[in-house]
Amino acid sequence: MQKKKILITGTSSGLGKFLNKEINSVKFNRKKNLSQYKKNSWDCIIHCGAYTGNSVDEIYESIYTTYKISKLKSKKFIFISSMITEEQNTSLYKISKLIGENIFKKKDHLLVLKLGSTIGKYMRQNTIFKIIKNGNVKIGLSKKSLFSFVSFSEISNFIKICIKKDYVGSYNFLREDFITLDKISKKLNKKIKFGNYVFKGVSGSNKKLNKIFNLEKRSSMDIIYEETNRF
């Protein structure tokens with residue numbers, strides 16, 4: 001692994017930052033001239049960078065960056081997508097991920113990971129982070145909202161296996177044991193003032209993934225307990 005030339009995008013926070021710490025790699029800086037990255041023939045490019053907001057200009061910039069990344073030379077591409085692409089509702093983030101998958105689809109050695117809800121060191125300070133880290137908070141989501149979780153560590157370990165053995169294709173990287181925010185808050189002994197919006201996590205089969213990497217040997221709650229100690 002250490003001898004491979006690996007480029008990772010989206011390393012300022014979240015999964016990209018975690019992977020950069022775990023895997024000997026080069027950080028992609030979208031502000032730099034692309035020619036600096038074209039000088040190398042990469043062994044693997046892991047594209048984590050994404051924009052999750054509602055700015056059309058920012059989404060356009062994110063998609064254009066994805067296009068530029070696809071033009072670099074690499075023996076393998078790993079595109080970090082999302083289970084949100086399986087939702088019926090449309091959002092700018094969903095559109096950007098679908099376009100990203102389409103941009104990379106003609107690559108010979110392509111791995112697409114459709115992630116469910118993730119948790120780990122360097123994660124965004126979203127609702128889940130606030131519940132786990134702080135507690136005693138007011139949130140907009142209903143206590144009936146459903147989530148399942150995978151950790152950054154699990155994603156990193158799977159990626160290492162896929163690079164080593166050259167696995168390709170598209171995988172739903174999620175657990176199927178959805179639990180309510182109410183149950184999570186009670187298990188963690190947190191006092192949460194819930195809102196009214198019910199979020200139902202996007203479900204999907206992970207049977208293909210589990211032939212290589214068995215997520216179901218641990219539960220979403222196990223992952224929450226483990227990651228809470230790492231924040």
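What counts, and at which threshold
Residues numbered from 1 in each chain as written. Predicted model: local features only at pLDDT ≥ 70, side-chain atom pairs only at ≥ 80, totals over all residues. Heavy atoms only, no water. Helix = DSSP H or I, 4+ residues; strand = E, 2+ residues; numbered from the N terminus. Rg over C-alpha atoms; globule rule 2.2 N^0.38 Å. Contact = heavy atoms within 4.5 Å. Areas by Shrake-Rupley, 256 points an atom, 1.4 Å probe, with all protein chains shown as cover. Lys, Arg positive; Asp, Glu negative; His and termini not counted. Charge placed at Lys NZ, Arg CZ, Asp CG, Glu CD. Polar contact = N/O pair within 3.5 Å; in protein donor to acceptor, adjacent residues only side chain to side chain. Phe/Tyr/Trp six-rings, centres within 6.5 Å; stacked < 30°, edge-to-face > 60°. Buried < 20%, exposed > 50% of the residue type's maximum accessible area, 1.4 Å probe, protein only. Pairing = 2+ DSSP bridges. Salt bridge = Lys/Arg side-chain N within 4 Å of Asp/Glu carboxyl O.

A.B. asks: Explain the overall build of the chain to me, please; I cannot follow it from the model alone.
C.D. replies: Summing up its helical and strand segments, the chain has nine helices and ten strands in all. Here the C-alpha radius of gyration of the chain, 18 Å, is about what a compact globule of 231 residues would show, namely 17 Å. For the chain, the C-alpha atoms occupy an extent of roughly 55 × 40 × 30 Å along the three principal directions. Across the chain, the fraction of contacts at a sequence separation of at least 24, relative to all contacts at a separation of at least 6, is 79%. Of the roughly 12,600 Å² that the chain leaves accessible, carbon and sulfur atoms contribute 45%. Treating the 46 positive side-chain charges of the chain as one cloud and the 18 negative ones as another, the clouds have centres 4 Å apart.

A.B. asks: Sorry if this is basic, but what is going on with the environment of His109 here?
C.D. replies: By the element assignment, His109 lies in the loop between helix H4 (92–104) and strand E5 (110–115). Discounting chain neighbours no more than four positions away, the residues touching His109 are Lys75, Lys76, Phe77, Asp166 and Val168. Within the structure, the side chain of His109 is placed 3.2 Å from the side chain of Asp166, a separation counted as a polar contact.

A.B. asks: Help me understand the packing of aromatic side chains, please; the structure alone is not making it clear to me.
C.D. replies: Think of a pair of aromatic rings as described by two things: how far the centres are apart, and how the planes are tilted against each other in angle. Using the criterion set out here, one finds eleven aromatic pairs in the structure. Note on Phe28 and Tyr37: the rings are 4.7 Å apart at their centroids and 45° apart in plane angle, and the pair reads as tilted. Assigned by exposure class, Phe28 and Tyr37 land together as buried. An angle of 35° between the planes, with centres 6.2 Å apart, marks the rings of Phe173 and Phe213 as tilted.

A.B. asks: Even after reading the chapter, I still don't get the sheet that holds strand E2 (residues 26–27), so can you show me in this structure?
C.D. replies: Strands in a sheet are paired, the pairing made by backbone hydrogen bonds, and the direction either parallel or antiparallel. The strand order across the open sheet formed by six strands is E2-E1-E3-E4-E5-E9, and the pairing between neighbours is parallel. Of all the strands in the sheet, just E2 and strand E9 (169–173) have a single pairing partner and so form its edges.

A.B. asks: Explain the pattern of salt bridges here, please?
C.D. replies: For side chains of opposite charge, pairing can occur when their charged atoms come near one another. Summed over all chains, the structure comprises ten salt bridges. Lys114 is paired through a salt bridge with Glu86; the nearest N and O atoms lie 3.5 Å apart. Highlighted residues: Lys114 in strand E5 and Glu86 in the loop between strand E4 (77–82) and H4, separated in sequence by 28 residues. Salt-bridge contacts for Glu154 lead to Arg218; the nearest nitrogen and oxygen are separated by 3.3 Å. Taken together, the residues span a long stretch of sequence, with Glu154 in helix H6 (residues 152–165) and Arg218 in the loop between helix H8 (207–210) and helix H9 (220–228) at a distance of 64 residues. In this structure Arg218 comes out as partly exposed when scored by relative accessible area, which is 27%.

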